[in-house]
Amino acid sequence: MTEVLVLNAGGGQVLHKVSLKHAIGMLYRQVARVHESVPGATFGPYPVPRSVELVRYLYTKWVWETSGRLPCTRQGVLRRDKYRCAYCGRRATTVDHVLPRSRGGKNTWSNCVAACFACNQKKADRTPAEARMRLDVTPQEPTLDDLWPQDSNDEQEGD
Ligand SMILES: [Zn+2]
């Protein structure tokens, strides 16, 4: 039986192995994408994968399930804050470290907020108090539901 490696999002970490059939099912359900394929081989409409890579949602879910923590990512912070700037309320496209990283601020949920480009530029390497900018939210670790409320089906990739 051909086995296919399942890699974490980003492809840097091997999580486990699954059967070819299982891997094709993951591609079909779009919970994974082909990382490396067997040259010239196909399985229905899909290239035969040597390895597949989890999509980001499952990576997040996997870390949450194994550690009970959600990894703090740029995309996660934006989703948690609903793409609203924590300083002015306009559409946010960047993430601001409340205590700047240059000052020892950590890349954690409680130190990261969504911010629009203008506010992020204006605040620069200062605290909100120093920059005289009012932080409109109290950043904290979200739940999985906060990040992915639209996802109601419970895809399991463990065997
Ligand atoms: Zn702003």
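Since the structure is predicted, the reported quantities are computational estimates derived from the model, not experimental observations.

Asker: Where do I start with the pairing of strand β1 (residues 3–7) in this structure?
Answerer: Each regular strand displays side chains that alternate between the two surfaces of the sheet. Looking at chain direction, β1 and strand β2 (residues 14–19) are connected through five bridges and run antiparallel. The residue of β2 that forms the bridge with V6 is H16. Connecting β1 to the antiparallel partner β2 that follows it, the hairpin turn spans six residues, and G10 within it adopts a positive phi of roughly 100°. The sheet contact formed by β1 and strand β4 (residues 46–54) spans three bridges and is parallel. Residue pairing in the sheet places L7 in a bridge with E53 of β4.

Asker: I would appreciate a short explanation of the coordination of the zinc ion in the present structure.
Answerer: Protein coordination at the zinc ion comes from C85 (SG), C88 (SG), C116 (SG) and C119 (SG), with a distance range of 2.3 Å. One way to put it: the four donor atoms around the zinc ion meet at angles of 102 to 117°, and that makes the site tetrahedral. For the zinc ion, the donor residues sit on a single chain with the sequence spacing C-x2-C-x27-C-x2-C. Of the two residues, C88 sits in the loop between α3 (74–80) and β5 (94–97) while C116 sits in the loop between β6 (112–115) and α4 (117–123), which places them 28 residues apart along the sequence. Here C88 falls in the partly exposed class, since its relative accessible area comes to 35%.

Asker: It is not clear to me how the environment of L15 should be interpreted in this structure. Could you clarify?
Answerer: Within the secondary structure layout, L15 lies in strand β2. L15 gets classed as partly exposed once you look at its relative accessible area, which sits at 21%. It is 31 Å that separates the C-alpha atoms of L15 and G105, two residues lying 90 residues apart in sequence. When sequence neighbours within four positions are dropped, the list of residues in contact with L15 reads V6, L7, N8, L54 and W62.

Asker: What exactly am I supposed to notice about the side chain of E53 here?
Answerer: Within the secondary structure, E53 sits in strand β4. E53 sits in the buried class, given a relative accessible area of 11%. Side-chain polar atoms of E53 contact the side chain of H35, separated by 3.1 Å. The residues contacting E53, other than those within four sequence positions of it, are L7, N8, A9, G10, G11, V31, A32, R33 and H35.

Asker: What exactly am I supposed to notice about helix α2 (residues 56–67) here?
Answerer: Note that an α-helix has 3.6 residues per turn; residues three or four places apart therefore point the same way. In this model, α2 (twelve residues) spans 16 Å end to end at C-alpha, consistent with the 16 Å of a helix rising 1.5 Å per residue. For α2, the complete set of buried residues consists of Y57, L58, T60, K61 and V63. Elements that come into contact with the buried residues of α2 comprise β4 and α5 (144–147). Following α2 by one or two positions, G68 has its phi on the positive side, about 75°.

Asker: Honestly, the nonpolar core in this entry has me stumped. Any pointers?
Answerer: Side chains that are nonpolar tend, in soluble globular proteins, to be buried together. With 21 residues, the main nonpolar core has V77, C85, Y87, W109 and C119 as its most contacted residues. Taken together, the elements giving at least two residues each to this core come down to α3, β6 and α5. A total of four residues in this core trace back to one element, the largest contributor, which is β6. Formed by 15 residues, the second largest nonpolar core is a distinct cluster that contains A23, M26, A32 and V48.

Asker: Mind showing me how you'd approach the domain arrangement of the chain here?
Answerer: Interface size, as often reported, equals the accessible area lost upon joining of the parts. When cut into domains, the chain gives domain 1 (3–67) and domain 2 (74–144). The gap between the C-alpha centroids of domain 1 and domain 2 is 33 Å.

Calculation notes
- Residues numbered from 1 in each chain as written.
- Predicted model: local features only at pLDDT ≥ 70, side-chain atom pairs only at ≥ 80, totals over all residues.
- Heavy atoms only, no water.
- Pairing = 2+ DSSP bridges.
- Helix = DSSP H or I, 4+ residues; strand = E, 2+ residues; numbered from the N terminus.
- Donors = N, O, S within 2.8 Å, 3.2 Å for Na, K, Ca; no water.
- Tetrahedral: all angles 85-135°; square planar, octahedral: opposite > 155°, others 65-115°.
- Buried < 20%, exposed > 50% of the residue type's maximum accessible area, 1.4 Å probe, protein only.
- Contact = heavy atoms within 4.5 Å.
- Polar contact = N/O pair within 3.5 Å; in protein donor to acceptor, adjacent residues only side chain to side chain.
- Expected span 1.5 Å × (residues − 1).
- Core = buried A, V, L, I, M, F, W, Y, C linked by side-chain atoms within 4.5 Å.
- Domains from an automatic or database assignment.

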